[in-house]
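Coordinate inspection notes
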Amino acid sequence: MLYNIQSEWMRLCTSVTESEVARAKNLLKTSMLLQLDGTTPVCEDIGRQMLSYGRRLPLHELEARIDAITPVDVKEACNKYIYNQCPAVAAVGPIENLPDYTRIRGSMYWLRV
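A brief structural summary. Sequence positions are assigned chain by chain, starting from 1 and proceeding in written order. Residues qualify for local features only when their pLDDT is at least 70, as the model is predicted, and side-chain atom pairs are given and counted only at 80 or more; totals for whole chains, interfaces and linings, by contrast, use all residues. Based on all heavy atoms of the structure, the side-chain values leave hydrogens and waters out of the count.

Time to look at the packing of helix α2 (residues 18–35) against helix α4 (residues 59–67). Note on method: axes are straight lines fitted to C-alpha atoms, helices fitted across the in-contact stretch only, with angles between N-to-C directions ranging 0 to 180 degrees. Put simply, DSSP marks the helices as runs of H or I at least four residues long and the strands as runs of E at least two long, and each gets a number from the N terminus on. Two numbers describe how α2 lies on α4: the axes approach to 10 Å, and their chain directions differ by 155°. As far as their axial angle goes, α4 and α2 are roughly antiparallel. Classified by chirality, the crossing of α4 by α2 is right-handed. For the pair α2 and α4, the contacting residues are Lys 25, Leu 28, Lys 29, Met 32 and Leu 33 in the first and Leu 59, Leu 62, Glu 63, Ile 66 and Asp 67 in the second. Any residue outside Ala, Val, Leu, Ile, Met, Phe, Trp, Tyr, Cys, Pro, Asp, Glu, Lys and Arg is labelled polar, Gly included; the first ten of those are nonpolar and the last four are charged. Looking at the contact of α2 with α4 residue by residue, the classes come out as six nonpolar, no polar and four charged. When describing relative orientation, an angle under 35 degrees is termed roughly parallel and one over 145 degrees roughly antiparallel, while 65 to 115 degrees is termed roughly perpendicular and anything else oblique. A clockwise turn of the near helix away from the far one marks a right-handed crossing, whereas an anticlockwise turn of less than a right angle marks a left-handed crossing. Contacts were defined at the residue level, with two residues in contact if any of their heavy atoms lie within 4.5 Å.

Attention shifts here to unusual backbone geometry. A positive phi angle, near 60°, is found at Asn 84, a position not held by glycine. You can see Asn 84 is positioned in the loop between α5 (71–81) and α6 (101–106). With a 1.4 Å probe rolled over the protein chains alone, any residue whose accessible area is under 20% of its type maximum counts as buried; one over 50% counts as exposed, and the rest are partly exposed. For Asn 84, a relative accessible area of 39% gives the class partly exposed.

Attention shifts here to helix α1 (residues 2–15). With 14 residues, α1 extends 20 Å between its outermost C-alpha atoms, agreeing within 8% with the 20 Å of an ideal straight helix rising 1.5 Å per residue. For α1, every residue scored as buried is listed here: Gln 6, Met 10 and Cys 13. Angularly, the buried residues of α1 cover 55° about the axis, an arc narrow enough to put them on a single face. On the buried face of α1, the contacting elements are α5 and α6. Multiplying 1.5 Å by the residue count of a helix minus one yields the expected span of that helix. This arc is built from the directions going out from the helix axis to the C-beta atoms.

Shown next as structure tokens:
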């Protein structure tokens, strides 16, 4: 599982496609709208926006911010926070098959020519 997750992270850092970003943006907008069903989730959303932005963002502005994201933005964020960064590893249960930390750390970048 760890190997597959790291492979997907490295793929996102190097070769995310426009269709993947468009699909993710549609999924994010849909899930945001579905979460705002009821007074408690709306109040939580208002509080989160007040803490993050200092004001309540109108829905059209939030959608415009999401729509403005490009594959280049995703690659830049991945390269800043994921690519060649030291991961924190936590395991629960039997860990005999957990790879050595140097192997895990070594999978956080790809050498490409």
